[in-house]
Amino acid sequence: MVSHLGVVGAGYVGLTSAACLAHLGFRVTCVDNDVAKVDRLCAGEVTIAEPGLADLVVAGRTRSRLDFTTDITTLAGVDLVLLCLPTPMGPDGACNLDVFESTLAILGGVLRPGCVIVTKSTVPLGTAGRVPRLLGRADLPVVSNPEFLREGHAVEDFLHPDRVVIGADAAYRDAAEEVAALYAETGAPVLHTDPATAEVTKYASNAFLAIKASYVNVLAELCERVGADVTEVTHAMGLDDRIAPDFLTAGPGWGGSCLPKDTSALLRAAEEAGVDFALVRDAVKANARQQATVVRKVRCAVTGSADGSLVGARIGILGLAFKAGTGDLRDSPAIAIVEALARQGAILTAYDPAVGAAVGLGIHGVGVVSDPYLVAEDAAALVVLTEWPEFRTLDWTALARAVRHPVVVDMRNVLDAAELATAGFRRVGLGTSAEPMA
Ligand SMILES: NC(=O)c1ccc[n+]([C@@H]2O[C@H](COP(=O)([O-])OP(=O)(O)OC[C@H]3O[C@@H](n4cnc5c(N)ncnc54)[C@H](O)[C@@H]3O)[C@@H](O)[C@H]2O)c1
Ligand SMILES: O=c1ccn([C@@H]2O[C@H](COP(=O)(O)OP(=O)(O)O[C@H]3O[C@H](CO)[C@@H](O)[C@H](O)[C@H]3O)[C@@H](O)[C@H]2O)c(=O)[nH]1
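Just so you know, these numbers come straight off a predicted model, no measurement behind them. (Residues numbered from 1 in each chain as written. Chains lettered and ligands numbered in written order. Predicted model: local features only at pLDDT ≥ 70, side-chain atom pairs only at ≥ 80, totals over all residues. Heavy atoms only, no water.)

**A short note on unusual backbone geometry**
Positive phi, normally seen in glycine, also occurs at Ser64, with a value near 60°. Located in the positive-phi region is Asn413, a residue other than glycine, with phi close to 50°. One can find Asn413 in the loop between strand E13 (407–410) and helix H14 (417–423). (Helix = DSSP H or I, 4+ residues; strand = E, 2+ residues; numbered from the N terminus.)

**Some remarks on helix H9 (residues 230–238)**
Regarding H9, the residues found buried are Val230, Thr234, Met237 and Gly238. With its buried residues spanning 95° around the axis, H9 presents them on a single face. Summarising the geometry of H9, the exposed residues directed more than 90 degrees from the buried face are Glu232 and His235. Elements that come into contact with the buried residues of H9 comprise helix H8 (195–226). With a side-chain oxygen positioned 2.8 Å from the backbone nitrogen of Thr231, the residue opening H9 is Asp229. (Buried < 20%, exposed > 50% of the residue type's maximum accessible area, 1.4 Å probe, protein only. Arc of directions from axis to C-beta. Contact = heavy atoms within 4.5 Å. Polar contact = N/O pair within 3.5 Å; in protein donor to acceptor, adjacent residues only side chain to side chain.)

**Observations regarding the pattern of salt bridges**
Evaluation of the coordinates by the stated rule reveals 18 salt bridges. The residue Arg268 makes a salt bridge to Asp92 at a minimum N-O spacing of 3.9 Å. Of this pair, Arg268 sits in helix H10 (residues 259–272) while Asp92 is found in the loop between strand E4 (80–83) and helix H4 (98–108), placing the two residues 176 residues apart along the sequence. Residue classification places Arg268 among the partly exposed residues on the basis of a relative accessible area of 28%. Across the pair Lys297 and Glu224 runs a salt bridge whose closest N-O atoms are separated by 3.0 Å. Placement of Lys297 in helix H11 (residues 278–303) and of Glu224 in helix H8 is noted, with a sequence separation of 73 residues between them. Exposure class is identical for Lys297 and Glu224. Each is buried. Taken together, the shared-partner salt bridges connect Arg150, Glu156 and Asp157 into one network. (Salt bridge = Lys/Arg side-chain N within 4 Å of Asp/Glu carboxyl O.)

**A word on H4**
Where H4 is concerned, the buried positions are Phe100, Thr103, Leu104, Leu107 and Gly108. Angular distribution of buried residues about the axis of H4 spans 140°; they occupy a single face of the element. In this fold, the buried residues of H4 make contact with strand E1 (4–8), E4, strand E5 (116–119) and helix H5 (127–135).

**Thoughts on the packing of H10 against H11**
Axis separation between H10 and H11 bottoms out at 10 Å; the angle between their running directions is 145°. Relative to H11, the crossing made by H10 is left-handed. Residues Thr263, Leu266 and Leu267 of H10 lie in contact with H11, whose contacting residues are Val280, Arg281 and Val284. For the contact of H10 with H11, the per-class residue count stands at four nonpolar, one polar and one charged. (Axes fitted to C-alpha atoms, helices over the stretch in contact; angles between N-to-C directions. Left-handed = near helix turned anticlockwise from the far one by under 90°. Nonpolar A, V, L, I, M, F, W, Y, C, P; charged D, E, K, R; others polar.)

Given below as structure tokens:
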């Protein structure tokens, strides 16, 4: 029975896991090598925007169930360790395991015999089999337990998962049961698999979501060209239980810290296995095209032509995060689009409700402000790149007075065209025949 567990990495996955498991009654020691982050967590301060997370951290500390430290040797006596370390995409598109591997080497010298090693990080296929060698130990059971939480819904997803996948070799069956027991209170279905199946399930799920989102973005292009409305099409499609309504919203492309790197890693794994996963490759290509399409749409809206010059044009950007509900800018399509517009000479002012003005983007020609109305000043166009609901309730009449040209390029289809028209704005949407693709 696990009573005291360790979590390594206090990011979206690690901090959420630590706080939720403390909430579920376990004693948790969470290790991170970021001194400033650990200091703030010890003071009950959570810097990522995840609903409910700060309350769980404070409650865990008040009940003395949740500790934060930079000292990995404090895990010497724990029964189980969850690895929640970053596994970013390397420059060649493959998953970079440097942090994961070096941490295992350290843990190998720290952990007590029998301590269960649980991989929650998303890792390349076959990693589970390499863990004993990376640890330098053969006496520690190894379990793959991929995480499926979404940013912005991390606590809710951890405490109410659709499913829990636990991959372990037959020799580690008891360890797999101990991992399953962590989730007993959630009532979620637990699927016991071999490690390879667990690892593939994680990549397969993210790649499928990416395909679905790219499918809709290409569909949006078709709708524009043939006089249909993509929002109505996807609404009708989503009512079919076999299709389901999620991931059917056209946008400026999918991003975030997971889908881009995980599609890339899956493609790499497929290539190594001799499988031509063209569907995933096409979804990735369509995603890059979608960002280029948005840039062209903005250029058209500002200059009146697809190849007009943006040099010196002032553009107001609403939304920088890769989706609403998070302040995470990692691999955000909004950032890629802002970069592309800046490269073409535009001068951009951006606002995102979850991104402070102090966060300099480090992109020449781009400023971040903390007031949405400031982005409109003298703007040749406003561009919505993240689907924050609060953009709908902005005072569009006031914005119309501030801009130079009252045109809004709504690349999340969140705004109401009729309301905008009343305020004096022309709206360029995505996937409707009114505004053909540039
Ligand atoms: N973000 C998500 O929504 C999500 C969901 C499911 C799975 N995942 C996967 O989970 C893993 C972690 O992702 P994340 O988004 O939580 O990452 P993150 O960047 O938010 O957090 C990683 C944490 O690890 C810490 N860290 C880095 N090196 C360390 C070291 N040597 N020792 C101790 N701590 C160290 C960092 O300081 C950071 O706090 C990745 O493999 C990711 O693919 C992420
Ligand atoms: O209909 C849609 C739905 C999403 N997106 C975009 O797709 C991207 C990813 O969105 P989402 O999946 O909600 O973000 P994440 O929080 O990164 O979560 C994904 O990546 C995590 C890390 O692996 C997984 O755990 C989650 O299950 C998986 O949904 C974002 O840019 C969204 O704007 C669309 O363009 N259209």
